[in-house]
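# Structure assessment
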Amino acid sequence: MALLKILQYPDKRLHTIARPVAAVDEEMRRLAADMAETMYAAPGVGLAATQVDRHIRLIVIDVSEDKNSLLTLINPVILEKDGEVVHEEGCLSVPGIYEKVTRAEHVRVRAQGLDGQPFEMEARDLLAICIQHEIDHLDGKVFVEYLSRLKQDRIRTKLVKQQRETM
């Protein structure tokens, strides 16, 4: 397995809409394993393929305390959502920034697993928030885009400055 480079906002590649995964094969399973290793090392609770410059519909998530409940969703689709919750979110592509975002409290999702088989699942609370956040990445959207234009501009300026300082 290998650690992958995570794209940093405002990198334009984060706005690429991911294409569906055509086949769940060994290469896809290897990418999912590398993404999980990268997510755990960062550390984070979710990672979309878009964030590692692979523009396919693949996400990995683990919101468990002991990091032993890895969930891999290939070609995920939200079938329904309801309720509303405001939660402070962060993102591995937007390091050091945490802001409150309104999301659905409950989602029902259809996806494929690493075996290629389709399944449906329901999620609430943090898992539901994380699924929505990661699917947004697949659709070319970063969580800061839910914020006011002023906050977005401040975040973009701060991160660009940080990136310049580390070069």
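Let us look at the structure shown here.

Rules and cut-offs
Residues numbered from 1 in each chain as written. Predicted model: local features only at pLDDT ≥ 70, side-chain atom pairs only at ≥ 80, totals over all residues. Heavy atoms only, no water. Salt bridge = Lys/Arg side-chain N within 4 Å of Asp/Glu carboxyl O. Pairing = 2+ DSSP bridges. Helix = DSSP H or I, 4+ residues; strand = E, 2+ residues; numbered from the N terminus. Axes fitted to C-alpha atoms, helices over the stretch in contact; angles between N-to-C directions. Contact = heavy atoms within 4.5 Å. Disulfide = S-S within 2.5 Å. Phe/Tyr/Trp six-rings, centres within 6.5 Å; stacked < 30°, edge-to-face > 60°. Lys NZ or Arg CZ within 6 Å of the ring centre and 35° of its normal. Patch = residues over 30% accessible without salt bridge, like charges linked within 9 Å, V, L, I, M, F, W, Y side chains within 5 Å. Areas by Shrake-Rupley, 256 points an atom, 1.4 Å probe, with all protein chains shown as cover. Lys, Arg positive; Asp, Glu negative; His and termini not counted. Charge placed at Lys NZ, Arg CZ, Asp CG, Glu CD. Buried < 20%, exposed > 50% of the residue type's maximum accessible area, 1.4 Å probe, protein only. Core = buried A, V, L, I, M, F, W, Y, C linked by side-chain atoms within 4.5 Å.

So, on to the pattern of salt bridges. If you walk through the whole model with that rule in mind, you get 12 salt bridges. Salt-bridge contacts for Asp-11 lead to Arg-13; the nearest nitrogen and oxygen are separated by 2.6 Å. One salt-bridge network, held together by shared partners, links Glu-80, Arg-108, Arg-110 and Glu-120.

Turning to the sheet that holds strand S3 (residues 71-82), a few remarks are in order. Here we have five strands laid out as an open sheet, ordered S1-S2-S3-S6-S7, and antiparallel in their pairing. Since the sheet does not close on itself, it has two edges, and those belong to strand S1 (46-48) and strand S7 (118-124), each with one partner. On average, each strand axis in the sheet is tilted by 40° relative to the strand beside it, whichever way the strands run. In this fold helix H1 (residues 26-41) packs onto S1, strand S2 (58-61) and S3, with an angle of close to 40° to the strand it touches most, S2. The strands that helix H2 (residues 125-138) touches are S1, S2, S3, strand S6 (106-112) and S7; relative to S7, the one it contacts most, it runs at about 125°.

Once that is clear, we can look at the state of the cysteines. Throughout the structure, instances matching the rule amount to zero disulfides. For the unlinked cysteine Cys-130, the closest cysteine sulfur is that of Cys-91, found at 9.8 Å.

Here the focus is the packing of aromatic side chains. Inspection of every chain in the model, using the stated rule, returns zero aromatic pairs. In this arrangement the basic side chain of Lys-141 is found over the ring face of Tyr-146, its NZ or CZ atom lying 4.0 Å from the centre.

Turning our eyes to something else, we now look at a negative patch on the surface. A contiguous patch of negative charge, built from Asp-82, Glu-105, Glu-122 and Asp-125, is present on the exposed surface. If you trace the backbone, Glu-105 turns up in the loop between strand S5 (94-103) and S6. Given a relative accessible area of 31%, Glu-105 falls into the partly exposed group.

Before going further, it helps to examine the nonpolar core. Judged by nonpolar contacts, the single largest core of 17 residues is most densely connected at Ile-59, Ile-61, Leu-73, Val-107, Met-121, Ala-123 and Ile-131. Looking at this core, the elements that each hand over two or more residues are S2, S3, S6, S7 and H2. Examining the composition of this core, we find that five residues originate from one element, H2, more than from any other. By size, the runner-up hydrophobic cluster in this structure holds 16 residues, among which are Val-24, Leu-31, Met-39 and Leu-92.

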